[in-house]
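# A closer look at the structure
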Amino acid sequence: MSDAPGWEATHTRRLRSLVRTGPLHRLEAGKALRARDLAAHDLRGLALRAIDATIEQMGLGYGARRADVAEAVAPLVRAAEPGATAVDVAEIADLVVDHLLNEPSRRLQFDEPYVAFDGGEAVARSVRFHLLKEEEADDGTIVLKATTEAINLYAGMLDVDVEDAQTAAEAVLRAQLERGAIGAAVATARQARLRSIEYAEALRATLRQARRDVSRVDTPALLRTVAAARIHLEERLRVERGLLDAVVERRASADPADAPALVELAGALGDCRQRHLGLHADLLGVHETWLAEQERQRFRRAPASALPDLERDVLAPLAAASLAGLEPHVDALLLALHAPAAPRLFGLGGLVDALLAPRRQDGEPELEARRDELEPVAALEVRFPPEVVARVEALLAAGGTLAGLLRRSRDDGDGPVVRRLLVLRALWAWDPDAGEAWRGRLVGALADPEYQGHDLDLGAR
């Protein structure tokens, strides 16, 4: 029997959800490459706890500090490594946080490739996302914030619409309360709290984008989103009020053993309700905020020489341009972006030519040459005696490889000075600027007890 229609879209959606867990698996797989011994730790579990702690702090305030994350993962670290100190815990927590920020790739988005099936064909694509981000809080401190993907990853409901997830969680919670499954209802309320944080962050991110630059916001789409969000929040507030009343009513007649769970359940629902009330108040004033930002950003005096937006005005057009469109700009791009060419290997002949070249006229006044008192030299030092030179010339006249000539000299009882001059003469034969009538040719590695390098075939002179 053939697969049901539309399996390709379902397959691709599930695959996109799966590949988002790739950073956590790479963190665990690469722990053996770290300088610190992390064999006892499950870094995936520490990463999930770090995300959990960040989400909790986002619910209480603006975000989590690194110290908050270190405090949250400390029990897991010490359970796996009982002797871990506070410094050890902080180092491991920083390692996990840096990976979730994608610090090795300069905090760019994670780029996870996958193969989608589109019209029966395999198409290579990738999904890009952040897990954690660092932002500046209102008091100037740097805090961590979890992205929507990180909240989805922690909640175990990747690629699910947050509004649908909230509605489903409330229906499940009501059914659990009606049948008395208090423990399951508490777990569902915790998931609903995560969804509440995710929904609030997604909407506030849209509003912050409008405050930064209204020109980059789709105005009709923003207004539709705000209108739909207001309807959604009004429904959530009504449902949460009913759930809270049901919890209070059940708590009055519940078994004493269920009382702590009901108190926690009421606290989670109350937290969701307070967050939705605050978000609803923000949405009520979004039209006034939008008009004020339009006036502030659109009608302000433009600077005399505005700098371009490198991402929007430079990088985005280049990335979208065709090869034909890029061709007129290639030379300018190469000139600006290409590194300077490294010089070739040093050559003695080129240095001599440069030193003997006539002096260039640079317009500077000529300096009077200093007249040094020269002392006559009685005789020049002769490093290689005539008999050594004659012996080397005789060896070179016979021809062969440098290794063979060195071996012959050693067998004939010549001293080290002969072999030293022989090696120098071989290097002269290899110098392209020496002007010799014969040339050396590389033939492999030099096998000799005194000298190392490449062997030369010197031929016969």
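Before any of the text, the structure's been laid out above.
Figured I'd write up the structure that's included with this text.

### Quick notes on the environment of Glu-56
Following the sequence through the fold, Glu-56 ends up in helix H3 (residues 43-60). The class of Glu-56 is partly exposed, set by a relative accessible area of 32%. Taking C-alpha positions, Glu-56 is 9.0 Å from Ile-197, a pair spaced 141 residues apart along the chain. If we ignore the near neighbours within four places in the chain, the residues touching Glu-56 are Arg-49 and Arg-193.

### A few points about helix H5 (residues 86-100)
An ideal rise of 1.5 Å per residue puts 21 Å on 15 residues; H5 measures up with 21 Å between its terminal C-alpha atoms. Taken as a whole, H5 has its buried residues at Asp-88, Val-89, Ile-92, Ala-93, Leu-95, Val-96, Val-97, His-99 and Leu-100. Residue Asn-102 follows H5 closely and has a positive phi angle near 60°.

### Some thoughts on the nonpolar core
Leu-46, Val-69, Val-77, Val-96, Leu-100, Leu-131 and Ala-146 are the most contacted members of the largest nonpolar core, which has 39 residues in total. Elements represented by at least two residues in this core include exactly helix H2 (22-29), H3, helix H4 (66-80), H5, strand E1 (110-118), strand E2 (121-129), strand E4 (142-146) and helix H6 (148-155). Look past the residues within four positions of Val-77 in its chain and what remains in contact with it is His-41, Leu-46, Ala-84, Val-89 and Ile-92.

### Observations regarding the packing of H4 against H5
The interhelical angle for the contact between H4 and H5, taken along N-to-C directions, is 110°, at an axis separation of 8 Å. With respect to H5, the axis of H4 lies roughly perpendicular. Both H4 and H5 take part in a crossing whose hand is right-handed. Counting all contacts with H4, which are made through Arg-66, Val-69, Ala-70, Val-73, Ala-74, Val-77 and Arg-78, the residues of H5 involved are Ala-86, Val-89, Ala-90, Ile-92, Ala-93, Asp-94, Val-97 and Asp-98. The residue makeup of the contact of H4 with H5, split by class, is 11 nonpolar, no polar and 4 charged.

### A closer look at the layout of surface pockets
Take a probe with the size of a water molecule and roll it over the atoms, and the empty space left behind shows itself. Here the largest pocket is characterised by a volume of approximately 470 Å³. Considering the residues around the largest pocket, the lining is formed by 17 residues, among which Lys-133, Thr-147, Thr-148, Ala-205 and Arg-208 are closest to the centre. Among the elements of the structure, strand E3 (132-136), E4, H6 and helix H8 (182-212) are those that each provide at least two residues to the lining of the largest pocket. Among the elements that take part in the lining of the largest pocket, H8 stands out by supplying 6 residues, more than any other. In terms of residue class, the lining of the largest pocket is made up of 5 nonpolar, 5 polar and 7 charged.

### Remarks on the pattern of salt bridges
In total, this model carries 21 salt bridges according to the counting rule given. With its nearest N and O atoms 2.8 Å apart, the salt bridge here joins Lys-31 to Glu-28. An identical accessibility class is assigned to Lys-31 and Glu-28; each is buried.

### What about the packing of H2 against H5?
The angle between the axes and the distance between the axes are what describe a pair of packed helices. Where H2 contacts H5, the axes come no closer than 10 Å and their chain directions differ by 140°. With respect to their mutual orientation, H2 and H5 come out oblique. In the crossing of H2 with H5, the sense of the turn from one axis to the other is right-handed. In this structure, H2 uses Pro-23, Leu-24 and Leu-27 to contact H5, whose residues at the interface are Leu-95, Val-96, His-99 and Leu-100.

### Here we look at a nonpolar patch on the surface
Together, Leu-348, Leu-351, Val-352, Leu-355 and Leu-356 make up a nonpolar patch on the protein surface, roughly 510 Å² of accessible area in all. Take Leu-351: it is sitting in helix H15 (residues 348-356).

Conventions and cut-offs
Residues numbered from 1 in each chain as written. Predicted model: local features only at pLDDT ≥ 70, side-chain atom pairs only at ≥ 80, totals over all residues. Heavy atoms only, no water. Helix = DSSP H or I, 4+ residues; strand = E, 2+ residues; numbered from the N terminus. Buried < 20%, exposed > 50% of the residue type's maximum accessible area, 1.4 Å probe, protein only. Contact = heavy atoms within 4.5 Å. Expected span 1.5 Å × (residues − 1). Core = buried A, V, L, I, M, F, W, Y, C linked by side-chain atoms within 4.5 Å. Axes fitted to C-alpha atoms, helices over the stretch in contact; angles between N-to-C directions. Parallel < 35°, antiparallel > 145°, perpendicular 65-115°, else oblique. Left-handed = near helix turned anticlockwise from the far one by under 90°. Nonpolar A, V, L, I, M, F, W, Y, C, P; charged D, E, K, R; others polar. 1 Å grid on protein atoms, 1.4 Å probe; cavity = no way out; pocket = protein on both sides within 12 Å on 5 of 7 lines; lining within 4 Å. Points joined across faces, edges and corners; volume = space filled by probe spheres on them. Salt bridge = Lys/Arg side-chain N within 4 Å of Asp/Glu carboxyl O. Patch = residues over 30% accessible without salt bridge, like charges linked within 9 Å, V, L, I, M, F, W, Y side chains within 5 Å. Areas by Shrake-Rupley, 256 points an atom, 1.4 Å probe, with all protein chains shown as cover.

The quantities given are spatial measurements derived from coordinates; they are silent on function.
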